[in-house]
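# What the coordinates show
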Amino acid sequence: MQHTPRRTIASIGSVVVVALSLFLAACGGGGSGSSSGGVVNLTFWSFNQQITEQADKFNATHPNIHVTAIKQPSGFGQYYPKVLAAIKAGDAPDVALIEYQYVPTFVSKGALVDLTPYGANDVKSQFDPGAWALESINGAFYGYPQDTGPEGLFYNAAIFKKAGITSPPKTWDEYAADAKKIHALGKNVYISAFSATNTGWYQALNWQAGANWFSTNGNSWVIDVNSAKSQQVAAFWDNLISQGLVDTNSADGDFQPGWNNALDHGTIASWISAVWGQGVIKGNAADTKGQWAVAPLPQWTAGNKDTGAWGGSGISVITGTKHPKEAAEFAQWYLTNPDSLKIGVNEIGWYPSNLQARQTALTTPDPFFAGSQSGGQIVDQVFANENLLSGWAFPPDLDAVTNFQGNDFNTAITNHLSLASQLPAIQNQIINDLTSQGISATAGS
Amino acid sequence: MATKTELVAASPPAGVVTSRAAKPRPRISLSFSWLWPYLFLLPFLIVFVAFFVAPFAYTVIQSFYAEKHFGGLGLTPPKVVWVGFDNYKQALSNPDLWDGFKRVILFGLIQIPIMMGLALVFALLMDSAVTRFRRFFRLSAFIPYAVPGVVAAILWGFFYTPTISPIAQIFRSLNLNPPDFLGASTVLASIGNISTWEFMGYNMLIFFAAMQAIPQELYESARIDGLTEVGIARYIKVPMISPALRLGLLFSLIGTLQLFNEPEVLKGLTGAITPTFTPNIYAYNIGIIQNNYYLGGAIAAIMGVITFVFSFAFMRLTQRAS
């Protein structure tokens, strides 16, 4: 910080750079899509790795369209601000990956093109209906579903065994009992981190419990963060937190370096995460290869297979493109063409929303996840057997919701208050935020 | 002197036509001479206007607008409308802004005196003739300043993260509970530690340089009058470098109000640093991450005014005091 001309100049500089970029954003003009010599040039943004390979395949078979794929950084507060700033600057990509939870937020900024006029419904039957529904708003359709993120339980079976647990928890009651057994292994050993500021995994647990935070009633949003079902989920975690059975240290929250280290050293024994979480664990806990296993999400009612989703993405066409027809053609090709899907499944690691491609994802056992089954589990199969509940929707101001929830949960944990006591305040903040933008919103309960 | 008077005397009175015709060149250069400084300033002014005044003005203008929907679900493109002071009302009535503001004030009240005190003590030690290894100490105290702020924060973040910190490992090997550097009640002090580490040496060097400019005769006469080395420091050195002290304090005050880099980097390591932790982080979070350029602009403008008022008040106070 501070105290120095250099520092002061640097901070003035950063303010100026931000201000200037906004200024230039407003002055800038002209889209990225252009055509030269009959060839339509398109830009495609995603935070997946192998997108250039897919674009090359498309370009090889489409001589009149040339797609330039650019991999973007994916961190929270990086990708979406960049996309929205680019739209504002008139310099947006023609096609971009947008996660499901952001679709209503982008639609409320007028940032996505309705794909219905470009033949979207012709391929509807090829996709997971639940994922398709997340892209459908008020009769319009805003992006082809790429991958889906049902939640399950990744667990380190070696630690569970050491704690005397032979099979993964089938219900949340069993999960709470296992949390106790695992913490008995040592005061630094926990069944899981409780990540207060990462909100997606927690919302998916409410989704699983049958809550519906963001629904619509006619021309108004109904914000229902404080329902009996949400209170039930909060009370469950409050119980574990008050007994000190989950790691609430904010430096050990999901994706933090401390958390990576704890996974690798066996002091955090499991992670409630979506199907894409397999890649995260393999990347972060390489030393524990073979010890991990995956189970369906624990249930409120024994025998059910219910789950909610965390993340998952679609491919959308961005407002302002000069070539919406060609952009829509690429988006559709990207998620229906077998070659593209093969790269997505085998190299990027999608749990694809394209149903035919999903079959191919369900065949290979992964030796990293050999904790409960020698030779490894077919990880995607565990998630495929779950029942992703329908009916959950996302709000038109996701970033604000994430902030409200993260902030209030964080405050609760710091000050030893219950999560349950924060729910009414979170609900009110969301309603106030929406109404201040001129959007109708009422309280659900 | 004499030649100059002669020249002035020799030049004819203004308005004499013949004289103007006879000496056109000096007349022109005289009448446009006011222009020259500005011409030399032009490169600076162009950059200053383009990169400071214009963006700042644009931000302020934007702060009077907002994206609005008009009822319904808000799933159609919004309109950008003039909202007057609504963004300012919203920002000023948000307790988060004031909590962040109180946090940086608390930070400044504790961290600035510690850092300036240390810097002054080290500068005095360095200036006293008895210090050996002066160059070594000067360099080692100054080196942290050469480390970019973001890198310094990453470096210290490594020391603070419980599961990877070597400090925590030492504690554990002694069977002690390692301190929680990144907890909600400790993280501000941890940031203060980084700032002190970074900028103590810089301030020390400024003070030390100012001491070098004190005339040696003062010390001689002080010693003849029987003043001890401590007395010299107390009654000569510190008062003589008070302009440098004041400058250092002013920069520290401004830097504190703008606290951003260190908490922004540590935010990736702990949830204790909220999106509203400091006013600057709050403005960044609203303006960039939440894409509300309009409200973000209002917060930035408010912070600009507050910083200006604080700096101005500080200068008035210290000028009166000296």
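All figures in this text were calculated on a predicted structure; none of them were measured in a lab. (Residues numbered from 1 in each chain as written. Chains lettered and ligands numbered in written order. Predicted model: local features only at pLDDT ≥ 70, side-chain atom pairs only at ≥ 80, totals over all residues. Heavy atoms only, no water.)

## A word on the pairing of strand β10 (residues 270-274) of chain A
Two faces make up the sheet, and in a regular strand the side chains alternate between them. All names here are of chain A. Summarising burial for β10: five of the five residues are buried, a large majority. Neither face of β10 is exposed, since Ser270, Ile272 and Ala274 on one face and Trp271 and Ser273 on the opposite face are all buried. In this sheet, β10 lies alongside strand β7 (residues 144-156) in antiparallel orientation, the contact comprising five bridges. The residue bridging Tyr155 from the neighbouring strand is Ser270, located in β10. (Buried < 20%, exposed > 50% of the residue type's maximum accessible area, 1.4 Å probe, protein only. Helix = DSSP H or I, 4+ residues; strand = E, 2+ residues; numbered from the N terminus. Pairing = 2+ DSSP bridges.)

## Some details on the sheet that holds strand β15 (residues 441-443) of chain A
Residue and element names in this part refer to chain A. Reading across the sheet, the three strands line up as β8-β9-β15 and stay open at both edges, with mixed pairing between neighbours. The sheet is open, and its two edges are formed by β8 (214-217) and β15, each paired on a single side. The sheet shows a mean angle of 35° between the axes of neighbouring strands, direction not considered. Bridging between strand β9 (residues 220-223) and β15 involves three bridges; their strand directions are parallel. Along β15, the bridge assignment pairs Val222 with Thr442. Along the sheet face, helix α17 (residues 423-436) touches β8, β9 and β15 and points at about 160° away from the line of β15. (Axes fitted to C-alpha atoms, helices over the stretch in contact; angles between N-to-C directions. Contact = heavy atoms within 4.5 Å.)

## Side note on the interface of chain A and chain B
Counting residues at the interface gives 59 residues for chain A and 67 residues for chain B. Buried surface at the junction of chain A and chain B, both sides included, amounts to about 5,100 Å², of which 57% is carbon and sulfur. Seen at the junction of chain A and chain B, the total is one salt bridge. A salt bridge links Glu67 of chain B to Lys88 of chain A; the shortest N-O distance between them is 3.6 Å. Those elements that provide at least two residues to the side of chain A that touches chain B are α1 (5-27), α3 (79-88), α4 (103-108), β9, α10 (257-264) and α16 (398-414) of chain A. (Buried area = accessible area lost by both parts, 1.4 Å probe. Salt bridge = Lys/Arg side-chain N within 4 Å of Asp/Glu carboxyl O.)

## Some points on helix α10 (residues 187-212) of chain B
For α10 of chain B, with 26 residues, the first-to-last C-alpha span of 38 Å sits near the 38 Å given by 1.5 Å per residue. At Phe199 of chain B, α10 of chain B shows its strongest bend, of approximately 35°. (Expected span 1.5 Å × (residues − 1). Bend = angle between axes of the 7 residues up to and from the residue.)

## Here's the deal with helix α9 (residues 228-242) of chain A
All names here are of chain A. End to end, α9 covers 20 Å across 15 residues, agreeing with the expected 21 Å (1.5 Å per residue, within 8%). For α9, every residue scored as buried is listed here: Ser230, Val233, Ala234, Phe236, Trp237, Asp238 and Leu240. Lining the buried residues of α9 we find α7 (172-183), α8 (200-208), β10 and α17. Note on α9: the residue one or two positions beyond its end, Gly244, has a positive phi of about 70°.

## Considering the nonpolar core
Counting residues in hydrophobic clusters, the biggest one holds 140 residues, and the most contacted among them are Tyr144, Phe194 and Trp237 of chain A. For this core, the two domains that each supply at least three residues are domain 1 (28-148 + 311-361) and domain 2 (149-309 + 367-443) of chain A. Membership of the second largest hydrophobic core comes to 34 residues, among which are Tyr282, Ala283, Ala301 and Ile306 of chain B. (Core = buried A, V, L, I, M, F, W, Y, C linked by side-chain atoms within 4.5 Å. Domains from an automatic or database assignment.)

## Observations regarding the confidence of the model for chain B
For chain B, the average pLDDT comes to 86, and 89% of its residues sit at 70 or higher. A low-confidence stretch, residues 1-23 of chain B (pLDDT under 50), is modelled with three contacts involving residues beyond four sequence positions or located in other chains. (pLDDT = per-residue confidence, 0-100.)

## Description of the packing of helix α8 (residues 149-160) of chain B against α10 of chain B
Residue and element names in this part refer to chain B. Orientation of α8 relative to α10, taken along the N-to-C sense of each, is 130°, at an axis distance of 10 Å. Relative to α10, the element α8 lies oblique. Relative to α10, α8 is oriented so that their crossing is right-handed. Contact residues: Gly149, Ala152, Ala153, Leu155, Trp156 and Tyr160 in α8; Ser190, Asn193, Ile194, Trp197 and Glu198 in α10. Among the residues making up the contact of α8 with α10, the classes are represented as seven nonpolar, three polar and one charged. (Parallel < 35°, antiparallel > 145°, perpendicular 65-115°, else oblique. Left-handed = near helix turned anticlockwise from the far one by under 90°. Nonpolar A, V, L, I, M, F, W, Y, C, P; charged D, E, K, R; others polar.)

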